[in-house]
Amino acid sequence: MNPAADLASRGEEIVAINGLRKSFGAIEVLKGIDISVKRGEVVVVLGPSGSGKSTMLRCVNFLETFEQGAITVNGRPVGYKTTGGVRKPVSELENARLREHVGMVFQSYNLFPHRTVLQNVMMGPVKVKGMNAAKARDLAMRLLGKVGMDHKADAYPGRLSGGQQQRVAIARALAMEPSVMLFDEVTSALDPELVGEVLKVMRELAEEGMTMIVVTHEMGFARSVADRVIFMDGGVVVEAGPPADIMANPKTDRFRGFLSRHLSEDG
Amino acid sequence: MFPVLQSSLPYLLQGAVYTIVLSAIVVVFGTILGVGVGVLAAVGGKALRAAVTAYIFVFRGIPVLVVMFLGFYSFPAMGLRLDAYTAVAVSMIVYVAAFVAEATRGAIAAVPAGQLEAAKSLGMRKGMMMREIILPQAMRLLIAPVLNISLMAIKQTSYASIVGAWELSFAAREVVERTLAAFQIFLGVMIIYFVICYPLSLAARALEKRLAFDH
């Protein structure tokens, strides 16, 4: 494990999820989730499809609304504010401001196809933060170098492989200098031989002390990079703890079954 | 060959100039108005959206000929003295804009949801998202439908003669009434319309290539 995370275990709380409940129509997909993530911590969320893990993640930057519970990032409320016992949605503008501090990487990359790689990475700092173009270009080139994509700075996303696009997407999110990075099954759409290059970038980020919440099916990554693994199933947190403990000695049948099903594809 | 067509060609070409000018005005302003209305509907509130929907559905459901008649006779009723050309141009701009607005709405809706989520998660505000992410991508999707609508509009200017606006088709009918050489004349007219429309198709294709994302 990395030293930054050891320090962080006593560090300040970046993301706090309390009693999160969410339904799609009549189906409740999140049934009361509590998760706290401290600065520098890498939390990996495992669980079968439909367990609600992606939905939970998308609530953190309010891409999904939720009916009950509260989420804060850096102590600021996400989506709703409760004043005098009344829960009210916060303004669009406040949500946008909050998202500036929450980086997100998607399963389907979602790079902007009409902009070059460099422009994709510069867009956040220049348009949202108002950083001047020269400074943003330096920042973007540095981040592209870090993810090994500086040689493609002037290419359009359509010309890149999935793994390359995903690395650019990571650089784009990092360019906002977020407090926390959310990874939503970022290797699930990739050809198997491209998964490694993306995981390597994420591993390096973790070693640098970036606060991360990672939803994934990569057991190897969870085991070797996570400070804490959370296993979700049926909209609740079933088990949580350091990977060395809970992945070696699962306490519940559900987690044991899940692990044994995924052992064969372990990296 | 085709002696009547040859002798009346200058007269027909003169009509073609009117057709081209009328078409250009209708296509340019109809497209601008239509895109504007379509974008407004996308960013605006419920009431605005409902109004735009009503506008689109009404105009899609009536023939352009009827719109021209209505325009021609209703402007004077409102105390506006417009000549036939202006009446036709205004009517057709409003008509064309309805189709362009619907196409614009479709193009905006066709930008993948993931693009919006990516823009949002960078902290982009609504207007910025529209300007930087949605519209640039929607505009490319809009070229093909707007080309279709424009070609339609060019050909629909031939109805303008119904309210007395002289253009290519009007000129052709005059020549035919005088010479009775309908086949020759309309063969010539057909070729002239094609020559007007064809370059537009080429231009749209070139534009689509230029706006492709993977140069």
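Criteria and thresholds
Residues numbered from 1 in each chain as written. Chains lettered and ligands numbered in written order. Predicted model: local features only at pLDDT ≥ 70, side-chain atom pairs only at ≥ 80, totals over all residues. Heavy atoms only, no water. Helix = DSSP H or I, 4+ residues; strand = E, 2+ residues; numbered from the N terminus. Areas by Shrake-Rupley, 256 points an atom, 1.4 Å probe, with all protein chains shown as cover. Rg over C-alpha atoms; globule rule 2.2 N^0.38 Å. Buried < 20%, exposed > 50% of the residue type's maximum accessible area, 1.4 Å probe, protein only. Contact = heavy atoms within 4.5 Å. Buried area = accessible area lost by both parts, 1.4 Å probe. Salt bridge = Lys/Arg side-chain N within 4 Å of Asp/Glu carboxyl O. Polar contact = N/O pair within 3.5 Å; in protein donor to acceptor, adjacent residues only side chain to side chain. Nonpolar A, V, L, I, M, F, W, Y, C, P; charged D, E, K, R; others polar. Pairing = 2+ DSSP bridges. Axes fitted to C-alpha atoms, helices over the stretch in contact; angles between N-to-C directions. Core = buried A, V, L, I, M, F, W, Y, C linked by side-chain atoms within 4.5 Å. pLDDT = per-residue confidence, 0-100. Patch = residues over 30% accessible without salt bridge, like charges linked within 9 Å, V, L, I, M, F, W, Y side chains within 5 Å.

**Focus: the overall build of chain B**
Helix and strand counts for chain B come out as eight helices and zero strands. Mapped in sequence order, the helices and strands of chain B form the string α-α-α-α-α-α-α-α. Dimensions along the principal axes, computed over C-alpha positions, put chain B at roughly 70 × 50 × 25 Å. When the accessible surface of chain B is totalled, it reaches about 11000 Å², and 72% of it is carbon and sulfur.

**So, the overall build of chain A**
When helices and strands are tallied, chain A shows 10 helices and 12 strands. Scaling as 2.2 N^0.38, a compact globule of 267 residues should have a C-alpha radius of gyration of about 18 Å, and chain A matches this with 18 Å. Projected onto the principal axes, the alpha-carbon positions of chain A cover approximately 50 × 50 × 40 Å. Expressed as a percentage of the 267 residues in chain A, the buried residues total 55%. Restricting to contacts in chain A with at least 6 residues of sequence separation, those with at least 24 account for 65%. Element-wise, carbon and sulfur atoms account for 49% of the exposed surface of chain A, whose accessible area totals about 11200 Å².

**Brief notes about the interface of chain B and chain A**
Across the contact, 19 residues belong to chain B and 25 residues belong to chain A. Interface area for chain B against chain A, summed over the two sides, is near 2200 Å², with a carbon-plus-sulfur share of 60%. Scanning the region where chain B abuts chain A turns up three salt bridges. With its nearest N and O atoms 2.7 Å apart, the salt bridge here joins Arg 58 of chain A to Glu 117 of chain B. Our count for the contact surface shared by chain B and chain A stands at seven residue pairs in polar contact (both at pLDDT 80 or more). Of all the secondary-structure elements, those providing two or more residues to the side of chain B that touches chain A are α5 (113–121) and α6 (126–156) of chain B. Taken together, the residues that form the side of chain B that touches chain A break down as eight nonpolar, six polar and five charged.

**Structural notes on the sheet that holds strand β12 (residues 236–241) of chain A**
Residues and elements named next belong to chain A. Spatial ordering of the open sheet is given by β8-β9-β10-β3-β11-β12, a layout of six strands whose pairing is mixed. Whereas interior strands pair on both sides, the edge strands pair on one side only; in this sheet they are β8 (102–105) and β12. In this sheet, neighbouring strand axes are inclined to one another by 20° on average, regardless of whether the strands run parallel or antiparallel. On top of the sheet, helix α2 (residues 53–60) reaches β3 (42–46), β8, β9 (180–184), β10 (212–215) and β11 (228–233); it is set at about 150° to β9, its chief contact.

**Side note on the nonpolar core**
Formed by 59 residues in total, the largest nonpolar core has its most connected members in Leu 12, Val 88 and Ile 185 of chain B. Top contributing element to this core by residue count: helix α4 (residues 84–110) of chain B, with 13 residues. In this structure, Leu 12 of chain B is in contact with Leu 5, Leu 168, Ala 171, Ala 172, Val 175, Ile 185, Val 189 and Ile 192 of chain B, ignoring residues within four places of it in sequence. Leu 143, Leu 144, Ala 153 and Met 181 of chain A belong to the second largest nonpolar core, which has 56 residues in total.

**Quick word on the environment of Met 124 of chain B**
When you line up the elements, Met 124 of chain B lands in the loop between α5 and α6. Given the relative accessible area of 2%, Met 124 of chain B is considered buried. Distance from Met 124 of chain B to Gly 44 of chain B, taken between C-alpha atoms, is 18 Å for residues 80 residues apart in sequence. In contact with Met 124 of chain B, not counting residues within four places along its chain, are Ala 96, Met 123 and Val 128 of chain A together with Ala 119, Met 129 and Ile 133 of chain B.

**Digging into the confidence of the model for chain B**
Residue and element names in this part refer to chain B. When pLDDT is averaged along chain B, the result is 92, and 99% of the positions lie at 70 or above. Mean pLDDT across the secondary structure elements of chain B bottoms out at helix α3 (residues 64–77), with 88, and peaks at α5, with 96. Across the assembled chains, the prediction reports ipTM 0.91 with pTM 0.88.

**What about the sheet that holds strand β4 (residues 68–73) of chain A?**
Residue and element names in this part refer to chain A. Read across the sheet, four strands follow the order β2-β1-β4-β5 without closing on themselves; strand pairing throughout is antiparallel. Strands at the two margins of the open sheet, each flanked by one partner only, are β2 (27–38) and β5 (76–77). By the bridge criterion, five bridges tie strand β1 (residues 13–24) to β4 in an arrangement that is antiparallel. Pairing of Arg 21 across the sheet is with Gln 68, part of β4. Here α2 sits on the sheet and contacts β1, β2 and β4; the angle it forms with β1, its principal contact strand, is near 120°.

**As for the side chain of Gln 115 of chain B**
On the secondary structure map, Gln 115 of chain B appears in helix α5. For Gln 115 of chain B, the side chain forms a polar contact with the main-chain oxygen of Leu 111 of chain A, separated by 2.8 Å. The contact partners of Gln 115 of chain B, leaving out residues within four places of it in the chain, are Asn 110, Leu 111, Phe 112 and Pro 113 of chain A together with Ile 133 and Gln 137 of chain B.

**Some points on the pairing of β9 of chain A**
All names here are of chain A. Burial of β9 is extensive: five of the five residues sit out of reach of the surface. By the bridge criterion, four bridges tie β8 to β9 in an arrangement that is parallel. Among the inter-strand pairings, Val 102 is bridged to a residue of β9, identified as Val 180. As paired strands, β9 and β10 are joined by four bridges and run parallel to one another. Note that in β10 the partner of Leu 182 across the bridge is Ile 213.

**So, a nonpolar patch on the surface**
Residue and element names in this part refer to chain B. A contiguous nonpolar patch, built from Val 17, Tyr 18, Val 21, Ile 25, Val 28, Phe 29 and Ile 32 and spanning about 630 Å² of accessible area, is present on the exposed surface. In this structure, Tyr 18 sits in helix α1 (residues 3–43). When its relative accessible area of 39% is taken as the criterion, Tyr 18 is described as partly exposed.

**Some points on the pattern of salt bridges**
Residues and elements named next belong to chain A. Taken as a whole and judged by the stated rule, the model has 18 salt bridges over all chains. Measuring nitrogen to oxygen at the nearest pair gives 2.8 Å for the salt bridge that ties Glu 28 to Arg 21. A salt bridge links Arg 228 to Glu 41; the nearest nitrogen and oxygen atoms lie 3.2 Å apart. Remark: Glu 41 occurs in the loop between β2 and β3 and Arg 228 occurs in strand β11; sequence separation between them is 187 residues. Taking relative accessible area as the criterion, Glu 41 reaches 11% and is therefore assigned buried.

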